[in-house]
There are 2 protein chains.
Amino acid sequence: MTTAQAPTRNRGNRRAEILAAAASLFAARGFHGVSIEDIGGAVGISGPALYRHFSGKDALLAEMLLDISSRLRESAVAVVTTASGPGETLDALLHVQITFALEQPALITVHDRELSNVPEGERRRIRRLQRLYVEEWVTVLAELHPSCPPARLRAATHAIFGLLNSTPHSAGELPPQDMRPLLHAMARAAIEASVNAR
Amino acid sequence: MTTAQAPTRNRGNRRAEILAAAASLFAARGFHGVSIEDIGGAVGISGPALYRHFSGKDALLAEMLLDISSRLRESAVAVVTTASGPGETLDALLHVQITFALEQPALITVHDRELSNVPEGERRRIRRLQRLYVEEWVTVLAELHPSCPPARLRAATHAIFGLLNSTPHSAGELPPQDMRPLLHAMARAAIEASVNAR
DNA sequence: CCATGATGTTAGCCATCATTAACGTAACCG
DNA sequence: CGGTTACGTTAATGATGGCTAACATCATGG
């Protein structure tokens, strides 16, 4: 059989296609549960062809996490700099995170499970972005509730992420247009409660 | 070097010891990221000795998940049958889940990540137990809010689990005695909100 | 045209890993 | 005691997997 191949139409799309396929697989079976063959197979190429696009499996994961971390972070910064007031800002942050969770469940899942498999160097950069993202939230919450200690706000923020990112687990329970307001309302209420609990 | 070994003091403890060590490792690096050698090493024996206690790596994971699923389920049943009223029952359910999340973060983590690596037969039994556990919650919530459609209550329940199980991520942010009431208050408020959102 | 770069393919290398085999030793039991 | 059981050990085996090598194909553009 010849090595026929489609005309080079997908110039820069291949990388994105691979990243998307890999995200689904990693989310479903874990980084180590997915082989290079699996990822290649998912986009119709076979195995080692991946090395034409990424320097290795680690690098692929690193780019994936770096990408989502910076996108989240950028969205948050954009929201905060456009801020009208703390209340609206919080709603906008919620909107961003909920949109991500509903539209990219695989990425969100991988994002908070597989950091440990990223090689040292990149790992630090990703962690930095994640920390900055959390701090955007904490800052807004602190404006809303100045009397609440930051450690508590940080813990509350992580809990809210847990709530919002649970979406992958309840896949199909409820249509997205119902899920969105539900998550928003639950998160808002949980945040209010977090600063009042004795 | 001789094959000296301690007098058979740890009769049934070895299995539990292995399960605990494996849980930590699986939580940290994922099922496929941990080798039999790693697990053995963590309890001071080396590699294949594990096969004296478990029939294989899969079986070890299966037993781990089966154990925690049934413990959660049993606790929930115990709570519900001792019920005084729906409000108190819900608080008791929250207490159970929060205790688990705070005291066994590794188990909780593995519990909702690694089900796919359990062999078919056991997987069904575990899924069954998980579903029953969720239904205990949904039943209680339905008593509190009869007008709310079950699908919505189920989605809300999953979101609450996400919130409570986020504990491993905020490890060390806040001491457990502060974490517990915080999580309880956030979860309670989120549940209230879940039934009122338009 | 044909050299080049981008993108695939298959075959092979080497490491890791789950599992089994073959073998010791200590405690217990008759 | 002698044998069985419980629990470990180290070596071997077979599969899988990441990655490299050697080799096509095609579009492009000089």
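- The name given to chain A in an unreviewed UniProt entry is TetR family transcriptional regulator, with the source organism recorded as Nonomuraea glycinis.

### Points about the packing of helix 7 (residues 150-164) of chain B against helix 8 (residues 176-196) of chain B
Residue and element names in this part refer to chain B.
Next, step 1: Where helix 7 contacts helix 8, the axes come no closer than 10 Å and their chain directions differ by 160°. With respect to helix 8, the element helix 7 is oriented roughly antiparallel. With respect to the hand of their crossing, helix 7 and helix 8 are arranged in right-handed fashion. Where helix 7 abuts helix 8, its residues Arg152, Leu153, Ala156, Ile160, Leu163 and Leu164 lie against Leu183, Met186, Ala187, Ala190, Ile191, Ser194 and Val195.
Next, step 2: Its residues assigned to classes, the contact of helix 7 with helix 8 comprises eleven nonpolar, one polar and one charged.

### Considering helix 8 of chain B
Next, step 1: Helix length check: helix 8 of chain B, at 21 residues, gives a terminal C-alpha distance of 31 Å against a target of 30 Å (1.5 Å per residue), a fit within 8%.
Next, step 2: Turning to helix 8 of chain B, its buried residues number three or more, namely Met179(B), Leu182(B), Leu183(B), Met186(B), Ala187(B), Arg188(B), Ala189(B), Ala190(B), Ile191(B), Ala193(B), Ser194(B) and Val195(B).
Next, step 3: Buried residues belonging to helix 8 of chain B abut helix 7 (150-164) and helix 8 (176-196) of chain A together with helix 4 (86-103), helix 6 (120-144) and helix 7 of chain B.

### A closer look at the confidence of the model for chain A
Detailed conclusions should not be drawn from predicted coordinates in areas where pLDDT is low.
Next, step 1: Model confidence for chain A is summarised by a mean pLDDT of 93, while 93% of its residues fall at 70 or above.
Next, step 2: The low-confidence segment residues 1-9 of chain A (pLDDT under 50) makes zero contacts with residues lying over four places distant or belonging to another chain.

### Considerations on empty space enclosed by the protein
All names here are of chain A.
Next, step 1: Tallied over the entire structure, the rule returns one cavity of 30 Å³ or more.
Next, step 2: By volume, the largest cavity is sized at about 40 Å³.
Next, step 3: Lining the largest cavity are Ile36, Leu50, Tyr51, Phe54, Gly56, Lys57 and Leu60.
Next, step 4: Across the lining of the largest cavity, the residue classes tally to five nonpolar, one polar and one charged.

### A look at the interface of chain A and chain B
Accessible area lost upon the coming together of the parts is a frequently used measure of interface size.
Next, step 1: Taken together, the contacts link 34 residues of chain A with 34 residues of chain B.
Next, step 2: The interface formed by chain A and chain B holds two salt bridges in total.
Next, step 3: Residue assignment for the side of chain A that touches chain B shows that the elements contributing at least two residues are helix 1 (13-29), helix 7 and helix 8 of chain A.
Next, step 4: Here the side of chain A that touches chain B is composed, by residue class, of 18 nonpolar, nine polar and seven charged.

### Some words on the UniProt feature "DNA-binding region" (unreviewed entry) in chain A
Next, step 1: As annotated by UniProt and renumbered to match this structure, "DNA-binding region" (unreviewed entry) occupies residues 35-54 of chain A.
Next, step 2: The span residues 35-54 of chain A carries 35% helix and 0% strand; its end-to-end C-alpha distance comes to 14 Å.

### Side note on the nonpolar core
Next, step 1: Formed by 127 residues in total, the largest nonpolar core has its most connected members in Phe26(A), Ile39(A), Ile160(A), Phe26(B), Ile39(B) and Ile160(B).
Next, step 2: Once residues within four sequence positions are removed from consideration, Phe26(B) is found in contact with Phe31(B), Val34(B), Ile39(B), Lys57(B), Leu60(B), Leu61(B), Met64(B), Val110(B) and Glu114(B).

### Concerning the packing of helix 3 (residues 57-81) of chain B against helix 6 of chain B
Residues and elements named next belong to chain B.
Next, step 1: Two elements in contact, helix 3 and helix 6, have axes separated by 9 Å at closest approach and are oriented at 25°. Overall, the two elements helix 3 and helix 6 adopt an arrangement that is roughly parallel. Crossing hand, helix 3 versus helix 6: left-handed. The residues of helix 6 that touch helix 3, namely those facing Ala62, Leu65, Leu66, Ser69, Ser70, Leu72, Arg73, Ala76, Val77 and Val80, are Glu122, Arg125, Ile126, Leu129, Gln130, Leu132, Tyr133, Glu136 and Val140.
Next, step 2: Split into classes, the residues belonging to the contact of helix 3 with helix 6 amount to twelve nonpolar, three polar and four charged.

Quick notes on the rules
Residues numbered from 1 in each chain as written. Chains lettered and ligands numbered in written order. Predicted model: local features only at pLDDT ≥ 70, side-chain atom pairs only at ≥ 80, totals over all residues. Heavy atoms only, no water. Axes fitted to C-alpha atoms, helices over the stretch in contact; angles between N-to-C directions. Helix = DSSP H or I, 4+ residues; strand = E, 2+ residues; numbered from the N terminus. Parallel < 35°, antiparallel > 145°, perpendicular 65-115°, else oblique. Left-handed = near helix turned anticlockwise from the far one by under 90°. Contact = heavy atoms within 4.5 Å. Nonpolar A, V, L, I, M, F, W, Y, C, P; charged D, E, K, R; others polar. Expected span 1.5 Å × (residues − 1). Buried < 20%, exposed > 50% of the residue type's maximum accessible area, 1.4 Å probe, protein only. pLDDT = per-residue confidence, 0-100. 1 Å grid on protein atoms, 1.4 Å probe; cavity = no way out; pocket = protein on both sides within 12 Å on 5 of 7 lines; lining within 4 Å. Points joined across faces, edges and corners; volume = space filled by probe spheres on them. Salt bridge = Lys/Arg side-chain N within 4 Å of Asp/Glu carboxyl O. UniProt positions renumbered as here; feature names shortened; annotations may be inferred. Core = buried A, V, L, I, M, F, W, Y, C linked by side-chain atoms within 4.5 Å.

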